[in-house]
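Structure at a glance
For reference, the chains in residue letters:
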Amino acid sequence: MRLEDLLVNQTIIIQLVWGDQTIEFQSDVIEKDEGIVHVTAYIHNGSELQLNITEGAGVICNVFADNSATGQRVSWRNVELTTVDKNGTAMYCIKTRGFNHFANPDDRRQNERTLIYVKGRVADKYNNDTASVTVRDVSGVGVAFYAPENYSPSSQQVIVTFTDDIDGKIFEVKVECSISRMNAESGQTLVGCQLVGENRDYQLYRFIKHLREKSGYKASAGDSKNTKAETDVEAEVEAEVVETPEVDESAQGVEGVTEDTSEETADSEELE
């Protein structure tokens, strides 16, 4: 199966990989040509997320889709993705590289975790029971948090909320989860949860978190929020804030991500 064999309006998964960290989001095929497809851009807070992932950018872009003929999940690895303007609409142009025209089986992993250690709250989905917690880590499939030692939820379905400051930008994260495990640990209860449904804002937060940490931000186990490390290390992927939602047709492939709403994200490891 070639990239151009995708169907118009077919939903695909776009995966961005930085090292062993990932973020994924859905997109729909708009039009296609030989070795090229144009797909919908990710919309966040009403604005397109401008992505230009070219060779040497330090970020790998992979595409996943269902083979309409067999029903099997397939992938195209290390494709080129740029933001283009077609008749006033921003969209992503995806191209295969070299001999990577044919799809391979989908062998994704979403089990990487990102330690964040931020204060938050957990609420029972079906009543008003809440508890103060410290969110320990986030991943592509769930979150883990420290709750009080006597934490005893009335159901497995909970809502986890927390706020994180990344480079002066406040991210308010809210995810619905299902509790999968609870373990006593040093006078606290370590709670592991699996995500319920898709939450693209949460996945975007994870990706931006990773990018900013690579620019000098580190999560500390002893702090409830991030502190900026005094370092001269430059991020291989730069996240630039664009104040206008207009798409710049002259935009060149940048090493990373630019977003009209100045929001950027982070990485992940599997919640055990």
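Residues numbered from 1 in each chain as written. Predicted model: local features only at pLDDT ≥ 70, side-chain atom pairs only at ≥ 80, totals over all residues. Heavy atoms only, no water.

Bringing the overall build of the chain into the picture now. Each helix and strand counted, the chain has one helix and 19 strands in total. In the structure as shown, the chain presents an accessible area of about 13200 Å², 42% of it carried by carbon and sulfur atoms. (Helix = DSSP H or I, 4+ residues; strand = E, 2+ residues; numbered from the N terminus. Areas by Shrake-Rupley, 256 points an atom, 1.4 Å probe, with all protein chains shown as cover.)

Another point: the sheet that holds strand E12 (residues 142–148). Neighbouring strands of a sheet are bound in pairs by backbone hydrogen bonds; such pairs are parallel or else antiparallel. With antiparallel pairing, the six strands of this closed barrel are ordered in space as E10-E11-E12-E15-E14-E13. When the angles between neighbouring strand axes are averaged without regard to direction, this sheet yields 40°. Of the pairings in the sheet, the one linking strand E10 (residues 113–124) to strand E13 (residues 157–166) comprises five bridges and is antiparallel in character. The residue bridging Ala123 from the neighbouring strand is Ile159, located in E13. (Pairing = 2+ DSSP bridges. Axes fitted to C-alpha atoms, helices over the stretch in contact; angles between N-to-C directions.)

Before going further, it helps to spend a moment on the pattern of salt bridges. Summed over all chains, the structure comprises four salt bridges. The salt bridge involving Lys125 is made with Glu176; its shortest N-O contact spans 2.7 Å. With Lys125 in the loop between E10 and strand E11 (130–139) and Glu176 in strand E14 (residues 169–185), the pair connects residues that are 51 residues apart, well separated along the chain. On the accessibility criterion, Lys125 (39% relative accessible area) is partly exposed. (Salt bridge = Lys/Arg side-chain N within 4 Å of Asp/Glu carboxyl O. Buried < 20%, exposed > 50% of the residue type's maximum accessible area, 1.4 Å probe, protein only.)

Judged by nonpolar contacts, the single largest core of 56 residues is most densely connected at Ile14, Leu16, Tyr92, Ile94, Phe145 and Val160. Top element by residues in this core is helix H1 (residues 200–214). It accounts for six residues. Aside from chain neighbours lying at most four places away, what touches Val160 is Arg121, Val122, Val135, Val143, Phe145, Val173, Lys174, Val175 and Cys177. (Core = buried A, V, L, I, M, F, W, Y, C linked by side-chain atoms within 4.5 Å. Contact = heavy atoms within 4.5 Å.)

Here we take up the packing of aromatic side chains. Taken as a whole and assessed by the stated rule, the structure comprises five aromatic pairs. With centroids separated by 6.2 Å and ring planes inclined at 75°, the aromatic side chains of Phe145 and Tyr151 adopt a geometry described as edge-to-face. On the basis of relative accessibility, which here comes to 0%, the residue Phe145 falls in the buried class. A connected cluster of aromatic rings, assembled from ring pairs, spans Phe25, Tyr42 and Tyr92. (Phe/Tyr/Trp six-rings, centres within 6.5 Å; stacked < 30°, edge-to-face > 60°.)

We now examine unusual backbone geometry. Non-glycine residue Asn78 carries a positive phi angle of around 55°. Mapping Asn78 onto the fold places it in strand E7 (residues 73–86). Backbone geometry places Asn87, a non-glycine residue, at a positive phi of 55°. Along the chain, the position of Asn87 falls in the loop between E7 and strand E8 (89–95). Under the relative-accessibility criterion, Asn87 is labelled exposed at 82%.

Before going further, it helps to examine the environment of Asn183. Along the polypeptide, Asn183 turns up in strand E14. Residues Asn183 and Glu149 lie 34 residues apart in sequence; the distance between their C-alpha atoms is 9.6 Å. When sequence neighbours within four positions are dropped, the list of residues in contact with Asn183 reads Gln188, Thr189 and Leu190.

Let us look at the confidence of the model for the chain. Per-residue pLDDT for the chain has a mean of 76; in total, 72% of the residues score no lower than 70. Counting interchain partners and residues more than four positions distant, the pLDDT-below-50 stretch residues 217–272 has 180 contacts. (pLDDT = per-residue confidence, 0-100.)

A separate point is the pairing of strand E2 (residues 21–33). Two strands pair when backbone bridges link them, and strand E1 (residues 11–18) and E2 are joined in this way by eight bridges, in the antiparallel orientation. From the neighbouring strand, Gln15 faces E2, where its bridge partner is Glu24. Direction of pairing for E2 relative to strand E3 (residues 36–40): antiparallel, over a ladder of four bridges. Bridge pairing in E3 links Val29 to Val39. Linking two consecutive strands that pair antiparallel, namely E2 and E3, is a turn of two residues; a positive phi of about 75° is found at Gly35 within it.

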